[in-house]
Amino acid sequence: MNDSTRGLRFSPLAADDETTVRQWLTLLDDAAGDVPGAAPPCAADMTGSLRFPPPATKLEDWVVRHEGRGDRVVGALRLALPDGADVARVDQLLVHPELRRRGIGRALYGRAAELAAGHGRSVLSGTVVEALPGGPERDTAPAAFAAAVGARRAAAPAGVHQWLDLGVHDPLASGVPDVPPGYGLVTWGTITPDAYAVPVSMLEQSLGDESFDEDAAADREVATSYAREFETMRVGRGRKAYHTGVVHEASGRLAGYTSVSKTTGNPAYALQGMTVVHRAHRGHRLGTLLKLANLAYVLRHEPAVRLIETANAEDNTAMIAVNADLGFAPADRWTTWTGLVGTTGSD
Ligand code: ACO
């Protein structure tokens, strides 16, 4: 323990504690330059995230205050606890930029490990932003920190983060490609229509793989719960979403879909989320068609959008190539680190 960590006081971050929430939002704003070019935090989205967790996940949100800094919030921790898993995910571990290298990060990680143990989890995992070879520079502190607290880089493929700047490249310059014969496009907004709720959930869970046992997952309540829980989170966070789906006309089945979402606070930024085409319908350039048709749909409703962010696993070379074709430029990689609870490397 040093002078900086001696005055630290942890407390849970409750959604109805307006003063603390305001200080937490200020901390997020102050740290917004950590990843240059990333979307600034949206207050409505972040405040909503305190009340609306991702599907099948509980959140522990904490802040740490510092006596020597007028008892203000100087760091934050979000632990995500997926139902029935052994892992506790560190979704946020953040120290105010002016107070780094004083042991506050280590203290937050120690608290994360304590909380994880309290929930019976034995593994902590988290993602860390790193530079791509030849890509824009990124702060090396997060990876150095993860190693210092005893975490190890996971064997799982990293995520590649790509950005499309519509001011630099307009993939719609030559319009939306023709829909191949035998297929038709449909669009929907934030709420998935009942007719697509089961197919969307199936595609989301199977990632379009034919070996996925649809009959075993065909209990409607279970099959649709993912899509509906996801919507609840989006609506609670004030997010809007735009979807385009492709229907195979002969069978009437939804063969694929793509999803773009937006926070309320950042009119220029959008997030390209899931795109999936069922394996039986691949090879017709439906992925590219879906993304372009959906981009046109987004821009009709959100003309201020200029920057679109997306992320894919590094081994998903097909989707990364589709994105590169559309003008998405590589930004950085997100590596996963895991640590065993009880071996935190704390002093
Ligand atoms: N360069 C090299 N080593 C570093 C650096 C750095 N810039 N920063 C931290 N470390 C290592 C050092 O070994 C350090 O020990 P030392 O200072 O005795 O040498 C050790 O990490 C602990 O450092 P702390 O002072 O406890 O960490 P800090 O309070 O600076 O917080 C953090 C580190 C959280 C990564 C901070 O830089 C930050 O908020 N970054 C933005 C958010 C982020 O990327 N979080 C990801 C965290 S990792 C994860 O979630 C798995």
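All values derive from a computational prediction rather than experimental measurement.

About the thresholds
- Residues numbered from 1 in each chain as written.
- Predicted model: local features only at pLDDT ≥ 70, side-chain atom pairs only at ≥ 80, totals over all residues.
- Heavy atoms only, no water.
- Domains from an automatic or database assignment.
- Contact = heavy atoms within 4.5 Å.
- Buried area = accessible area lost by both parts, 1.4 Å probe.
- Salt bridge = Lys/Arg side-chain N within 4 Å of Asp/Glu carboxyl O.
- Nonpolar A, V, L, I, M, F, W, Y, C, P; charged D, E, K, R; others polar.
- Buried < 20%, exposed > 50% of the residue type's maximum accessible area, 1.4 Å probe, protein only.
- Near = heavy atom within 4 Å.
- Polar contact = N/O pair within 3.5 Å; in protein donor to acceptor, adjacent residues only side chain to side chain.
- Helix = DSSP H or I, 4+ residues; strand = E, 2+ residues; numbered from the N terminus.
- Phe/Tyr/Trp six-rings, centres within 6.5 Å; stacked < 30°, edge-to-face > 60°.
- Lys NZ or Arg CZ within 6 Å of the ring centre and 35° of its normal.

**Quick look at the domain arrangement of the chain**
Inference 1: Under the domain assignment used here, the chain contains domain 1 (3-121) and domain 2 (183-305).
Inference 2: Of the residues lining the interface, 16 residues belong to domain 1; the matching set on domain 2 comes to 13 residues.
Inference 3: Summed over both sides, the interface between domain 1 and domain 2 buries roughly 1,100 Å², with carbon and sulfur atoms accounting for 62% of that surface.
Inference 4: When the area that domain 1 buries against domain 2 is broken down by residue, the three leading residues are Asp-45, Phe-52 and Pro-55, summing to 49%.
Inference 5: Remark: the boundary between domain 1 and domain 2 carries 2 salt bridges.
Inference 6: Among the salt bridges present, the one from Asp-45 reaches Arg-239, with a minimum N-O distance of 2.7 Å.
Inference 7: Class assignment for the residues of the side of domain 1 that touches domain 2 results in 12 nonpolar, 3 polar and 1 charged.

**Things to note about the pattern of salt bridges**
If charged atoms from side chains of opposite charge come close, those side chains can pair.
Inference 1: Enumeration over the complete set of coordinates arrives at 15 salt bridges.
Inference 2: Between Asp-91 and Arg-89 there is a salt bridge; the shortest N-O distance is 2.8 Å.
Inference 3: Residue classification places Arg-89 among the partly exposed residues on the basis of a relative accessible area of 28%.
Inference 4: A cluster of three or more residues bridged by salt bridges with shared partners is formed by Asp-45, Arg-237 and Arg-239.

**Topic: the site of the ligand**
Inference 1: In the region of the ligand, 18 residues are neighbours, and Val-95, Arg-101, Gly-103, Gly-105 and Arg-106 sit closest.
Inference 2: Taking Arg-102, its main chain carries an N or O atom lying 3.1 Å from an oxygen atom of the ligand.
Inference 3: Ranked by residue count, the leading element in the shell around the ligand is helix α5 (residues 141-148), at 5 residues.
Inference 4: Here the residues of the shell around the ligand are counted per class, giving 11 nonpolar, 2 polar and 5 charged.

**A closer look at the packing of aromatic side chains**
Inference 1: On inspection of all chains with the given rule, the structure shows 5 aromatic pairs.
Inference 2: Centroid distance Trp-163 to Tyr-269: 6.0 Å. Interplanar angle 80 degrees. Geometry classified as edge-to-face. Pair noted here: Trp-163 is in strand β7 (residues 159-165) and Tyr-269 is in strand β11 (residues 269-277), with a separation of 106 residues, a long-range link. Just as Trp-163 is buried, Tyr-269 falls in that class too.
Inference 3: Ring-pair connections join several aromatic residues into one group, and the members of that group are Trp-188, Tyr-196 and Tyr-257.
Inference 4: Here the guanidinium or amino end of Arg-111 rests over the ring plane of Phe-10, the centre of that ring lying 4.4 Å away.

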